[in-house]
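Structural description and commentary
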Amino acid sequence: VESILTFRSSNGLDIAQSAVLLKTLQNSHSKAAERIKSESRKLRKNLYSNHFAAMVPIEIGSYCTSNCKFCGWKKDNSEMVRLRVTTEALIRQTKYLAGLGFSHFELSGGDDLIYLRDRLKETLQQVKIAATAVNSEARVSICLTPMCESQYSDFAKVGLDTVLTWQETYERSKFESYVTSGPKAYG
């Protein structure tokens, strides 16, 4: 852990290094876990200073292929009205929100594998162009189902700045009881 934190590349961590740190965090009270948390706080402060930056979520759709007990968008919710927002609507919303002063945009939604495969790359590029046209410092993030490193690399080339992941719990038995099927269940 210490060597990873001390000698990390300017390009960030590779997959193996990330896995070591995440595994170490499972024991959240260990000395190594406290060191990781401390370095994370320093990195966050270096990236964002002490400034408040509101991140505004922009939902791309309500389709999902996972079943999370707590979520209304889950695949098995047959009463849910499903939709996919058009790229044009996302651009209008981005421009509107950027005009209000927002500079951090999070594209989020369910595990819509069709959207991810067919439209996400173009959407990211268009949202980044629209956001930076209003504010050159604008950042675009995604919070979607986990994908492959090559996909993230392709997304970064068209404007993706950050990947966010919300983890309901790190306790395996609870996670498995909350997230019962779909891509997220295999995370």
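Coordinates for the structure precede this section.
A short tour of the structure in this document, coming up. (Residues numbered from 1 in each chain as written. Predicted model: local features only at pLDDT ≥ 70, side-chain atom pairs only at ≥ 80, totals over all residues. Heavy atoms only, no water.)

A closer look at the overall build of the protein
If you tally the helices and strands in the protein, you get eight helices and six strands. Seen in sequence order, the protein has helices and strands lined up from the N terminus as α-α-α-β-β-α-β-α-α-β-α-β-α-β. A compact globule built from 187 residues would reach a C-alpha radius of gyration of about 16 Å, and the protein, at 18 Å, matches this within 12%. Expressed as lengths along the three principal axes of its C-alpha atoms, the size of the protein is roughly 50 × 40 × 30 Å. Taking all 187 residues of the protein together, 32% fall into the buried category. Considering only contacts within the protein whose residues lie at least 6 apart along the sequence, 61% involve residues at least 24 apart. Accessible surface for the protein amounts to roughly 11,900 Å². Of this, 54% is attributable to carbon and sulfur atoms. Placing the 25 positive and 20 negative side-chain charges of the protein at their respective mean positions leaves the two points 4 Å apart. (Helix = DSSP H or I, 4+ residues; strand = E, 2+ residues; numbered from the N terminus. Rg over C-alpha atoms; globule rule 2.2 N^0.38 Å. Buried < 20%, exposed > 50% of the residue type's maximum accessible area, 1.4 Å probe, protein only. Contact = heavy atoms within 4.5 Å. Areas by Shrake-Rupley, 256 points an atom, 1.4 Å probe, with all protein chains shown as cover. Lys, Arg positive; Asp, Glu negative; His and termini not counted. Charge placed at Lys NZ, Arg CZ, Asp CG, Glu CD.)

Points about the sheet that holds strand β3 (residues 104-108)
One open sheet accounts for four strands, arranged β1-β3-β4-β5; its pairing is parallel. Lying at the two open borders of the sheet, with one neighbouring strand each, are β1 (55-59) and β5 (162-163). Note that β3 and strand β4 (residues 139-143) share five bridges and pair parallel. By the bridge assignment for β4, His-104 is matched with Arg-139. (Pairing = 2+ DSSP bridges.)

Observations concerning the environment of Asp-118
Mapping Asp-118 onto the fold places it in helix α5 (residues 113-118). For Asp-118, a relative accessible area of 47% translates into the label partly exposed. Separated by 18 residues in the primary sequence, Asp-118 and Ser-136 have C-alpha atoms spaced 27 Å apart. Of the polar contacts made by the side chain of Asp-118, one reaches the side chain of Arg-117; its length is 2.7 Å. (Polar contact = N/O pair within 3.5 Å; in protein donor to acceptor, adjacent residues only side chain to side chain.)

Notes on the nonpolar core
Membership of the largest hydrophobic core comes to 24 residues, with the highest contact counts inside it found for Phe-105, Leu-120, Leu-124 and Ile-142. For this core, the secondary-structure elements that each account for two or more residues are β1, α4 (87-99), β3, α5, α6 (120-134) and β4. Considering each element in turn, this core owes the most residues, five residues, to α6. Discounting residues that sit within four places of it in the chain, Ile-142 has contacts with Leu-107, Leu-124, Met-147, Tyr-152, Phe-155, Leu-160, Thr-162, Val-163 and Leu-164. (Core = buried A, V, L, I, M, F, W, Y, C linked by side-chain atoms within 4.5 Å.)

Brief notes about the state of the cysteines
In this structure the tally under the stated criterion is zero disulfides. Between Cys-64, a cysteine without a disulfide, and Cys-68, which holds the nearest cysteine sulfur, the sulfur-to-sulfur distance is 6.2 Å. Judged by relative accessible area, Cys-64 falls into the buried class, the value being 15%. (Disulfide = S-S within 2.5 Å.)

Looking at the pattern of salt bridges
This model, assessed by the stated rule, comprises eight salt bridges. Salt-bridge contacts for Lys-37 lead to Glu-34; the nearest nitrogen and oxygen are separated by 3.5 Å. Separated by three residues within a single helix, Lys-37 and Glu-34 lie in helix α3 (residues 31-48), roughly one turn from each other. Taking relative accessible area as the criterion, Glu-34 reaches 35% and is therefore assigned partly exposed. The salt bridge involving Glu-176 is made with Arg-172; its shortest N-O contact spans 4.0 Å. You can see Glu-176 and its partner Arg-172 sitting in helix α8 (residues 172-178), four residues apart, about one turn around the helix. Given the relative accessible area of 46%, Glu-176 is considered partly exposed. (Salt bridge = Lys/Arg side-chain N within 4 Å of Asp/Glu carboxyl O.)

As for the environment of Tyr-170
By secondary structure assignment, the location of Tyr-170 is in the loop between β5 and α8. For Tyr-170 and Leu-25, which are 145 residues apart along the polypeptide, the C-alpha to C-alpha distance reads 9.3 Å.

Regarding the side chain of Thr-123
Here Thr-123 is to be found in helix α6. Residue classification places Thr-123 among the buried positions, given a relative accessible area of 0%. Those residues within four positions of Thr-123 in sequence are excluded, and the remaining contacts are Thr-87, Leu-90, Leu-107 and Tyr-115.

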